[in-house]
Amino acid sequence: MRAASSPVMAALALAFLARPACAGSAPQETTMKETPQAAAAGSPRTCLLPSQSSPLVTFRIQFGAGSIDDPPGKEGLNALTALTIGEGGTKELTYREVTDRLYPMAASIGAQPDREVTTFVGEVHRDHLKEFYRLLRDVLLAPRFDPADFNRSRDLLLAQIQTTLRSNDDERLGKEALNLVMYAGQPYGHPDVGTVQGLKSITLEEARAYYRQRYRRGNVLVGAAGGYPPGLIETLQKDLAALPEGTPEPAKLPAPPPIEGMEILLVDKPAPATAISIGSPIKITRADKDFYALMVAGSYLGEHRTFNGRLMNIMRADRGLNYGDYAYIENFVQEGGSTFPLPNIPRRQQHFSIWIRPVPPANAPFALRQAVRELQRVVEHGLTKEEFESSRRFLLNYSRLWAQNLSRRLGYLMDSRFYGTALFLDRVQEELPRLTVEEVNAAVTKHLNARNLKVAIVTAQAAALRDLLLSGAPTPITYQSPTTREDLLKEDKEIEAYPLPINKETIRVVPARDLFER
Amino acid sequence: MSDPLKIGAALMVLILGTRAAAWGQAAKSGTRVFPYKVHQSSLENGLKIVVVPFDSPGLVAYWTVVRTGSRNEIEPGKSGFAHFFEHMMFRGTERYSKDRFNAILKELGAESNAFTTDDYTAYHILAPSSALETIVTIESDRFMNLKYSVEDFKQEAGAVLGEYNKNATNPFYALNEAIRDAAFTRHSYKHSTIGFLRDVKDMPNQYDYSLTFFDRFYRPENCVLLAVGDVDPEKLTALARRYYAPWKKGTYRFEVDKEPPQTEEKRVAVPWPNPTQPYLYIGYHSPAFSTTAIDAPALDVAAQLLFSEAAPLYQKLVVEEQEVDLLFGGASDHRDPYLFEVAARVKKPERVAYVEGAIVAALEELRDKPVDAARLGKVKSHMKYSYAMGLDTASAAAASLAAYLNLTGDPEAVNQVYALYDRVTPEDVRNAARKYLVATARTVVTLRHPEDGEAKAGAGGR
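**Remarks on the sheet that holds strand S2 (residues 45-50) of chain A**
Residues and elements named next belong to chain A.
For step 1, the next point in the chain: One open sheet accounts for five strands, arranged S2-S6-S3-S5-S4; its pairing is mixed. The open sheet is flanked by S2 and strand S4 (108-113), the only strands paired with a single partner. Here the average twist between neighbouring strands, direction ignored, is 10°.
For step 2, the next point in the chain: Sheet analysis places strand S3 (residues 56-63) next to strand S5 (residues 118-125), joined by eight bridges and oriented antiparallel. What sits directly across from Ile61, in S5, is Phe120.

**Some details on the layout of surface pockets**
For step 1, the next point in the chain: Space inside the largest pocket adds up to approximately 620 Å³.
For step 2, the next point in the chain: Lining the largest pocket are 20 residues, with A:Asn308, A:Asn313, B:Asp99, B:Ala103 and B:Lys106 sitting closest to its centre.
For step 3, the next point in the chain: Listed by contribution, the elements that provide at least two residues to the lining of the largest pocket are helix H11 (310-317) and helix H13 (385-398) of chain A together with helix H3 (98-108) of chain B.
For step 4, the next point in the chain: It is H3(B) that contributes the most residues to the lining of the largest pocket, six residues altogether.
For step 5, the next point in the chain: For the lining of the largest pocket, a count of residues per class yields five nonpolar, six polar and nine charged.

**Notes on unusual backbone geometry**
Residues and elements named next belong to chain A.
For step 1, the next point in the chain: The residue Arg305 is not glycine, and still its phi comes out positive at about 55°.
For step 2, the next point in the chain: Note that Arg305 resides in the loop between helix H10 (289-302) and H11.
For step 3, the next point in the chain: The backbone of Asn344 sits at a positive phi, close to 70°, despite the residue not being glycine.
For step 4, the next point in the chain: As for its placement among the helices and strands, Asn344 is situated in the loop between strand S9 (325-328) and strand S10 (350-359).
For step 5, the next point in the chain: Exposure remark for Asn344: the relative accessible area of 0% places this residue in the buried category.

**Points about the environment of B:Leu280**
All names here are of chain B.
For step 1, the next point in the chain: Its place among the elements puts Leu280 in strand S8 (residues 279-286).
For step 2, the next point in the chain: Separated by 227 residues in sequence, Leu280 and Pro53 place their C-alpha atoms 44 Å apart.
For step 3, the next point in the chain: Excluding residues within four positions of it along the chain, Leu280 makes contact with Val342, Ala343, Ala344, Val352, Val355, Glu356, Ile359, Val444, Val445 and Thr446.

**Some remarks on the confidence of the model for chain A**
Caution applies to low-pLDDT parts of the model: their predicted coordinates are not meant to be read in detail.
For step 1, the next point in the chain: Per-residue confidence for chain A averages 91 on the pLDDT scale, and 92% of its residues sit at or above 70.
For step 2, the next point in the chain: A low-confidence stretch, residues 4-32 of chain A (pLDDT under 50), is modelled with 100 contacts involving residues beyond four sequence positions or located in other chains.

**Digging into the packing of aromatic side chains**
Residues and elements named next belong to chain A.
For step 1, the next point in the chain: The tally for this structure, following the rule as stated, stands at 57 aromatic pairs over all chains.
For step 2, the next point in the chain: With a centroid separation of 6.1 Å and 25° between ring planes, the pair formed by Phe59 and Phe132 is classed as stacked. A residue pair is termed long-range when its members are at least 10 positions apart, and Phe59 in strand S3 and Phe132 in helix H4 (residues 129-141) qualify at 73 residues. Considered together, Phe59 and Phe132 belong to a single accessibility category, that of buried residues.
For step 3, the next point in the chain: A cation over a ring is seen here: Lys175 above Trp355, with NZ or CZ 3.5 Å from the ring centre.
For step 4, the next point in the chain: The aromatic ring of Tyr188 is capped on one face by Arg347, whose charged end is 4.9 Å from the ring centroid.

**Things to note about the interface of chain B and chain A**
How big an interface is tends to be reported as the loss of accessible area on association of its parts.
For step 1, the next point in the chain: Every contact between the two is made by 97 residues of chain B and, on the other side, 92 residues of chain A.
For step 2, the next point in the chain: When the two sides are added together, the surface that chain B and chain A hide from each other amounts to roughly 7900 Å², 55% of it contributed by carbon and sulfur.
For step 3, the next point in the chain: Linking chain B to chain A there are four salt bridges.
For step 4, the next point in the chain: Two residues, B:Glu107 and A:Arg393, come together in a salt bridge whose shortest N-O distance is 2.9 Å.
For step 5, the next point in the chain: Linking chain B to chain A there are 30 residue pairs in polar contact (both at pLDDT 80 or more).

**Re the sheet that holds strand S12 (residues 508-511) of chain A**
Residues and elements named next belong to chain A.
For step 1, the next point in the chain: Here we have six strands laid out as an open sheet, ordered S9-S10-S8-S11-S7-S12, and mixed in their pairing. At either margin of the open sheet sits one strand with a lone partner, and together these are S9 and S12. Each neighbouring strand pair of the sheet contributes to a mean axis angle of 15°, computed without reference to strand direction.
For step 2, the next point in the chain: Alignment of strand S8 (residues 274-282) against S10, held across eight bridges, turns out to be antiparallel. What sits directly across from Ile282, in S10, is Gln350.
For step 3, the next point in the chain: The sheet strands contacting helix H12 (residues 364-381) are strand S7 (262-268), S8, S10 and strand S11 (453-459), and the helix crosses S10 at an angle near 145°.

**Examining empty space enclosed by the protein**
All names here are of chain A.
For step 1, the next point in the chain: Here the structure, examined in full by the defined rule, presents nine cavities of 30 Å³ or more.
For step 2, the next point in the chain: Computed from the structure, the second largest cavity encloses a volume of approximately 350 Å³.
For step 3, the next point in the chain: Considering the residues around the second largest cavity, the lining is formed by 28 residues, among which Glu303, Ile329, Glu330, Phe332 and Trp402 are closest to the centre.
For step 4, the next point in the chain: Those elements giving two or more residues to the lining of the second largest cavity turn out to be H10, S9, H13 and helix H14 (406-419).
For step 5, the next point in the chain: Sorting elements by how many residues they give to the lining of the second largest cavity places H10 first, with five residues.

**A closer look at the pattern of salt bridges**
Residue and element names in this part refer to chain A.
For step 1, the next point in the chain: Applying the stated criterion to the full structure yields 60 salt bridges over all chains.
For step 2, the next point in the chain: Between Glu205 and Arg208 there is a salt bridge, with its nearest N and O atoms 3.2 Å apart. Here Glu205 and its partner Arg208 are both found in helix H8 (residues 204-214), three residues apart, which amounts to about one turn of the helix.
For step 3, the next point in the chain: Exposure remark for Glu205: the relative accessible area of 42% places this residue in the partly exposed category.
For step 4, the next point in the chain: By relative accessible area, which is 28% here, Arg208 ends up partly exposed.
For step 5, the next point in the chain: With a closest N to O distance of 2.9 Å, Glu330 and Arg286 form a salt bridge.

**Things to note about the nonpolar core**
For step 1, the next point in the chain: Core analysis: the largest hydrophobic core is formed by 161 residues, its most contacted members being A:Ile278, A:Leu368, B:Leu327, B:Phe340 and B:Ile359.
For step 2, the next point in the chain: Those residues in contact with A:Ile278 that sit more than four places away from it in its chain are A:Leu178, A:Phe352, A:Ser353, A:Ile354, A:Ile356, A:Leu368, A:Ala371, A:Val372, A:Leu453, A:Lys454 and A:Val455.
For step 3, the next point in the chain: Judged by nonpolar contacts, the second largest core, of 72 residues, contains A:Leu136, A:Phe145, A:Leu178 and A:Leu253.

Rules used throughout
- Sequence order sets the numbering: in each chain, residues are counted from 1 along the sequence as written.
- Written order decides the labels, with chains lettered from A and ligands numbered from 1.
- Reporting in this predicted model follows two pLDDT cut-offs: at least 70 for local features of residues, and 80 or more for side-chain atom pairs to be given and counted; totals over whole chains, interfaces and linings ignore these cut-offs and use all residues.
- Processing note: side-chain calculations cover all non-hydrogen atoms of the structure and skip hydrogens and water entirely.
- Strands are labelled as partners when DSSP assigns at least two bridges between them.
- In DSSP terms, a helix is any run of H or I states spanning at least four residues, a strand is any run of E spanning at least two, and both are numbered starting from the N terminus.
- Each axis is a line fitted through C-alpha atoms, and for a helix only the stretch in contact is used; angles between axes span 0 to 180 degrees, taken between their N-to-C directions.
- A pocket here means an open set of points on a 1 Å grid, computed over the protein atoms alone, that has protein on both sides within 12 Å along at least five of seven lines. A cavity is instead a set of points where a 1.4 Å probe fits but cannot get out; residues with an atom within 4 Å of a point line either one.
- Grid points are joined across faces, edges and corners, and a volume is the space filled by probe spheres set on the points.
- Just so you know the grouping, Ala, Val, Leu, Ile, Met, Phe, Trp, Tyr, Cys and Pro go in nonpolar, Asp, Glu, Lys and Arg go in charged, and all remaining residues, Gly too, go in polar.
- Exposure categories follow from relative accessible area, calculated using a 1.4 Å probe and restricted to protein chains: below 20% of the type maximum is buried, above 50% is exposed, and the middle band is partly exposed.
- We call two residues in contact when some of their heavy atoms are within 4.5 Å.
- What pLDDT expresses is the predictor's confidence in each residue, scored from 0 to 100.
- Working definition: a ring pair exists when centres of Phe, Tyr or Trp rings (six-membered ring for Trp) sit within 6.5 Å. Plane angles under 30 degrees give stacked, over 60 give edge-to-face, the rest tilted.
- A ring is considered to have a charge above it if a Lys NZ or an Arg CZ atom is located within 6 Å of its centre and within 35 degrees of its normal.
- Each of two parts loses accessible area, computed with a 1.4 Å probe, when they are put together; buried area is these two losses added.
- What makes a salt bridge here is a side-chain nitrogen of Lys or Arg within 4 Å of a carboxyl oxygen of Asp or Glu, nothing more.
- Polar contact is defined as a pair of N or O atoms within 3.5 Å, subject to the rule that within protein one atom must be able to donate a hydrogen and the other to accept it, and that residues adjacent in sequence are counted only when both atoms are side-chain atoms.
- The criterion is simple. A nonpolar core is a set of buried Ala, Val, Leu, Ile, Met, Phe, Trp, Tyr and Cys residues joined through side-chain atoms within 4.5 Å.

In structure tokens:
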């Protein structure tokens, strides 16, 4: 439920990295299975979903290069390289000339740099496929590395940290701060867009060298979907053979630092409300059987942007604390204005998280206590059979909505390659019907806990909130309108005094302006 | 239906069928940009039913468009009420409580939500089409029989305040609030859809008014039922006749105050509490949506000529001079005259005046010099392909039609307006620019951090 003012809403989509709009269509086949393609030795790997009935063609060209490959002191090198390429010129054409050619087709080329992979997404109507393909090929294989493109891209990435993250989007700041503390000292630890000092120190020559090192034939996964002619993939593979040989090793990922008790980072900035993100790394991904068991529990606790979740109902619907409260069992980014997960942001290491959307500052400690108490309840008692059944039934259908067009299906298919497993959405259909409530609850006990958690809180007067949390004093809720419901009032008394296992040694306050600096 | 929860068999089968051939043709000249067959009917109580069979096997997008938005909030102290009321629509009825309503949708694995704009409120469900009757049952029930307690009403006000708070750290919301408040003196577009903060805070005290609001606007003649997807028009129409027939017509009539012409430029400075790049937001009063008059389509074309990535102004400010990192603009479709808006995020505080000058100069050039015919052709191609490529799911097609159904009540409006785009000439663009993109109709809002120097309201430069 949201209030939309169209021009502003359109603007918001532009306020962060330019994510290309996904468009696509349903293929002719009756399954989502990919079309096998015989690969010549040394040819780039492919992921194909052809559909002659579709007038659209989508490309997702993915390189095994991510912000985890940023050298120390050069945080942002991966993103800056990707942006300079994806939003830049070719050896033959300036960026302006590329844009002029894409415009009448309403076609797009966009870069989506992330932690482990970087994906270039191209969308075009098949009326223009030939001309578009040449542009996409040259953007990727003959990038211009124009100093002007490089500077513009760097400014945009710096603005995302200095203007957007630090000042103008507290929800995103909370999530990024959680990532920072969960993966401190580990390659996931800095934002995928980099750090301020890292970005400032990168030279054009370094971006060019990074491109030569990481954009390699053995490191690319070619995704294509839609109404492209049969010969196109052969051409694409032949063209991509121009990439240098080799398969760069993925960066090593040490285990995230252990968490002792509730470790809290308070991010201080002027803000009308308080944004809270809670999380802890988990040891499973879509490749693991337990992931599907945990998926049911996560959905029960708080499926993204739905009204089913337990947290949503007890925090928003019953108490009017905020706009929404959700839980996730893997890194989650919403795709554009949809409610569905963005594909092509896979990670070898995943985390569990709870997202509490901004609450009035006076209610922040209550909201934190309530969410953690609820997590504790699930860890301790598990789901009832009925809760398990309804959440499983929901997911079996709801997950089918995540890939309504070919572009998204293709993205999911490529992600499954990353995890080395069957198509994620197929696996949901296979695993969930076999699950028992006991298995789900065993997975919860094994992978989740309400004691050792990282917490990021974005708030004004952070020091006062820190002191209040450290005092352990009860923090009652202030209702915008007092409730008369006895059951709520009784439970509120328990929540307001719920003991948070705060690690007093590690709690700290940081001004927002100091985050993501280096 | 005896028990809509007993629909375990309603599993959606997302097998993939053959796309209507028309889709691929959509972008070609002379064809209808919305290529699907639209089935229309209406009930005696005035409820309009629009059904579009679409290739989304097993799936239907079921929308209810209420042609009421924040534009209808004409009484003092009631800003934001249409949006607040949208939240209340999820609070249940005697037959289907909030929890039961949610449980039914959960059982279906449906995606369900709603949104409110200046002009309309839309409720949408994406669900297995095999559960069509269940959806019609629960939707018709809440539109006719919504019932919530004072307590529920008050708690929902907290969620709306939470929504306000989540938006409040985003400068675009502040800019949007400020430009409306300054540019409009009488029309209800003066306030944003979420409403003035003072009114949002007072919402818990407005229970009685909420009943009045429901009684006035949630009436069949003010609504359109829209289904896009794997659905048989006859079947849906029959279901609608059965379930929505008892819905009684309303009697409320109202008139939104007309906005008098603006006679001089207005300037507003918004101080921002956090360090930020400065933002510049400019609005010109512009015409209402029309399927017959050329001015609004001509301004849409002008927006492309000025602010698309291929536009000379965009290339100058963003790509070559790199003074600005975000630049966009245009007039969004509204039932009444609204604003042609331009937004820019400037890299250096001291360059705001320069950027404003460059934008104004580009608008003036449009008034003085007819645009090159070849460029106009590229704009038209872009607009058609862009629209056609967006119709890739049942939900996307429904969202598009919902907007046009709000504007005119007629789904054909989309094809009519794209036919108008085709007819826009260089002279039309020049005439529209001369008529609307003028200094006296302009409101300029700047947003910046006070430490970057006072946002000088009179500091517009060339």
